[in-house]
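Below, each chain spelled out in residue letters.
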Amino acid sequence: GLYLQLQMMEMNASGEEQSRLSNVTRIINESITKMRDLVWSIDARSDTWDKLLERMEDYASDTLSPLDIRYSIHQPHALTRHIDTHRKHNVYLIFKEAIHNIAKHSNATVVDIRFEDKDGKLVMSIQDNGRKQDKSYAPGQGLNNMKMRADRIKAELFTGFNESGYLVRCAF
């Protein structure tokens, strides 16, 4: 109710008032998204790899498709095994941050997302074809948050440019 009322007020407002209402609407939308993510992450019915991959694909589609960034998700076989809530939540947020960074910073047109079993670990690789941007911007907390989340689940995290673009690889 409140969210819809703010949207209606924003459409009828002008100038500075519209800008403030737009900011409040954005904050509310972000809060709703974070609450949904939290509820999903603690829901035991979604504690399988296939449910996690489903959620990741939904996020990738919602984030990348409107920007005309093509993406593909590859996994060697159906991953139906159980994943604990703590690991699921942190892996999802690492994935989400990587996709967000691609959408916001990379100028990529293609993203390749892979899940592979290697040496008893599951490896998530997110590779884009973006290029390092010349313009400088104030770095946020995204990469630090990914590192912190990887540390929480004792995962190995690599982020950086390679010959193909930017790569985020997380082995857990």
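Report on the accompanying structure.

We now examine the sheet that holds strand β5 (residues 165–171). Here we have five strands laid out as an open sheet, ordered β1-β2-β3-β5-β4, and mixed in their pairing. Since the sheet does not close on itself, it has two edges, and those belong to β1 (70–74) and β4 (156–162), each with one partner. Strand after strand, the sheet turns through a mean of 10° between neighbouring axes, direction not considered. In this structure, strand β3 (residues 121–128) lies alongside β5, joined through five bridges in antiparallel fashion.

It is worth spelling out the environment of valine 24 at this point. By secondary structure assignment, the location of valine 24 is in helix α2 (residues 15–42). For valine 24, a relative accessible area of 36% corresponds to the partly exposed category. For the pair formed by valine 24 and glutamate 10, sequence separation is 14 residues and the distance between their alpha carbons is 9.8 Å.

This structure, assessed with the given rule, holds four salt bridges. Of the charged contacts, one joins aspartate 112 and arginine 114 as a salt bridge, the two residues approaching to 2.8 Å between their closest N and O atoms. Here aspartate 112 falls in the partly exposed class, since its relative accessible area comes to 21%. With relative accessibility at 34%, the residue arginine 114 sits in the partly exposed group. Between lysine 121 and glutamate 156 there is a salt bridge, with the nearest N and O atoms lying 2.6 Å from each other. One end of the pair, lysine 121, is in strand β3; the other, glutamate 156, is in strand β4, and 35 residues separate them in sequence. Residue class for lysine 121 comes out partly exposed when judged on its relative accessible area of 29%.

All right, on to the nonpolar core then. With 31 residues, the main nonpolar core has Met56, Phe95, Met124, Ile126 and Phe172 as its most contacted residues. Counting only elements with at least two residues in this core, the list comes to α3 (49–64), α4 (85–106), β2 (110–118), β3, α5 (142–152) and β5. With eight residues, the top contributor of residues to this core is α4. The contact partners of isoleucine 126, leaving out residues within four places of it in the chain, are Phe95, Ala98, Ile99, Ile102, Val111, Asp112, Ile113, Tyr166, Leu167 and Val168.

With that out of the way, let us pick up the packing of aromatic side chains. The final tally for this structure, using the stated rule, is two aromatic pairs. An angle of 20° between the planes, with centres 5.5 Å apart, marks the rings of tryptophan 49 and phenylalanine 172 as stacked. Of this pair, tryptophan 49 sits in helix α3 while phenylalanine 172 sits in the segment after β5, and the two are 123 residues apart along the sequence. On the numbers, 4.8 Å between centres and 80° between planes, the contact of phenylalanine 161 with tyrosine 166 is edge-to-face.

Here we come to the environment of serine 61. Among the structural elements, serine 61 can be located in helix α3. Sequence-wise, serine 61 and serine 72 are 11 residues apart; in three dimensions their C-alpha atoms are separated by 9.8 Å. Sequence-distant contacts of serine 61, that is, excluding residues within four places in its chain, are made with Pro66 and Tyr71.

Calculation rules
- Residues numbered from 1 in each chain as written.
- Predicted model: local features only at pLDDT ≥ 70, side-chain atom pairs only at ≥ 80, totals over all residues.
- Heavy atoms only, no water.
- Pairing = 2+ DSSP bridges.
- Helix = DSSP H or I, 4+ residues; strand = E, 2+ residues; numbered from the N terminus.
- Axes fitted to C-alpha atoms, helices over the stretch in contact; angles between N-to-C directions.
- Buried < 20%, exposed > 50% of the residue type's maximum accessible area, 1.4 Å probe, protein only.
- Salt bridge = Lys/Arg side-chain N within 4 Å of Asp/Glu carboxyl O.
- Core = buried A, V, L, I, M, F, W, Y, C linked by side-chain atoms within 4.5 Å.
- Contact = heavy atoms within 4.5 Å.
- Phe/Tyr/Trp six-rings, centres within 6.5 Å; stacked < 30°, edge-to-face > 60°.

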